Amino acid sequence: MKELLKRVEAGETDESTVDIAKMMFRTATLRSGFMLKDTVEFAASVEEMLRSTLGIAADEPIEEEPELPEDEGQEEIDADEDDVSDESAESEEMHDEL
């Protein structure tokens, strides 16, 4: 905050200063429980900040994820559902004991 204030008072309102101020306002808005009007712009600014921090060029294309065969993806979903149903059954047994 102090560094941002120094920049503004010194008249150094470059693009990064404006971006930081906007990000701080938007995150404060979200933390206070309010909704943002433009979530797409917020997501884009977060992505831009992450790319900058990680040293990834803004115009670098996003790699496509390889598609899994349908049966492999379904097996993972089925396994996850089994885990959830096992936990549910254990919870019911504990409840019955009480």
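Before reading further, recall that the structure is shown in the block above.
Every chain's residues receive numbers from 1 upward, in the order its sequence appears when written. This being a predicted model, a pLDDT of at least 70 is required before a residue's local features are given, and a value of 80 or more before pairs of side-chain atoms are given or counted; all residues contribute to the totals for chains, interfaces and linings. Side-chain metrics in this entry use all non-hydrogen atoms of the structure; hydrogen atoms and water are not considered.

Draft legend 1. Broad picture of the environment of Val-8. Numbered from the N terminus, helices here are DSSP runs of H or I no shorter than four residues, and strands are runs of E no shorter than two. Examined against the element boundaries, Val-8 turns out to sit in helix α1 (residues 2-9). Expressed as a C-alpha distance, the spacing of Val-8 and Val-18, which sit ten residues apart in the sequence, is 9.4 Å. Contacts of Val-8, omitting those with residues within four sequence positions, involve Thr-13 and Thr-17. The contact criterion used is simple: two residues touch if any of their non-hydrogen atoms lie within 4.5 Å.

Draft legend 2. How the structure looks around the packing of α1 against helix α2 (residues 15-31). Angles here are taken between N-to-C directions and fall from 0 to 180 degrees, while the axes themselves are lines fitted to C-alpha atoms, restricted in helices to the stretch in contact. Axis separation between α1 and α2 bottoms out at 11 Å; the angle between their running directions is 135°. Taken together, the axis directions place α1 and α2 in an arrangement best described as oblique. Relative to α2, the crossing made by α1 is left-handed. Residues Leu-4, Arg-7 and Val-8 of α1 lie in contact with α2, whose contacting residues are Ser-16, Thr-17, Ile-20, Ala-21 and Met-24. Each residue is assigned to one of three groups, with Ala, Val, Leu, Ile, Met, Phe, Trp, Tyr, Cys and Pro labelled nonpolar, Asp, Glu, Lys and Arg labelled charged, and all others, Gly among them, labelled polar. When the residues that make up the contact of α1 with α2 are grouped by side-chain class, the tally is five nonpolar, two polar and one charged. By definition in this entry, angles of less than 35 degrees are roughly parallel, angles greater than 145 are roughly antiparallel, angles of 65 to 115 are roughly perpendicular, and the rest are oblique. Should the near helix be turned anticlockwise from the far one by less than a right angle, the crossing is left-handed, and should it be turned clockwise, the crossing is right-handed.

Draft legend 3. Here's a closer look at the pattern of salt bridges. Salt bridges are defined as contacts in which a side-chain nitrogen from Lys or Arg sits within 4 Å of a carboxyl oxygen from Asp or Glu. Counted under the stated rule, the structure contains three salt bridges. Across the pair Glu-3 and Arg-7 runs a salt bridge whose closest N-O atoms are separated by 3.6 Å. Within this pair, Glu-3 and its partner Arg-7 are both found in helix α1, separated by four residues, close to a single helical turn. When a residue's accessible area, from a 1.4 Å probe over protein chains only, is under 20% of the maximum for its type it is buried; when over 50% it is exposed; and in between it is partly exposed. By relative accessible area, which is 24% here, Arg-7 ends up partly exposed. With its nearest N and O atoms 3.1 Å apart, the salt bridge here joins Glu-47 to Arg-51. One end of the pair is Glu-47 and the other is Arg-51, both in helix α3 (residues 39-54) and four residues apart, which spans about a single turn.

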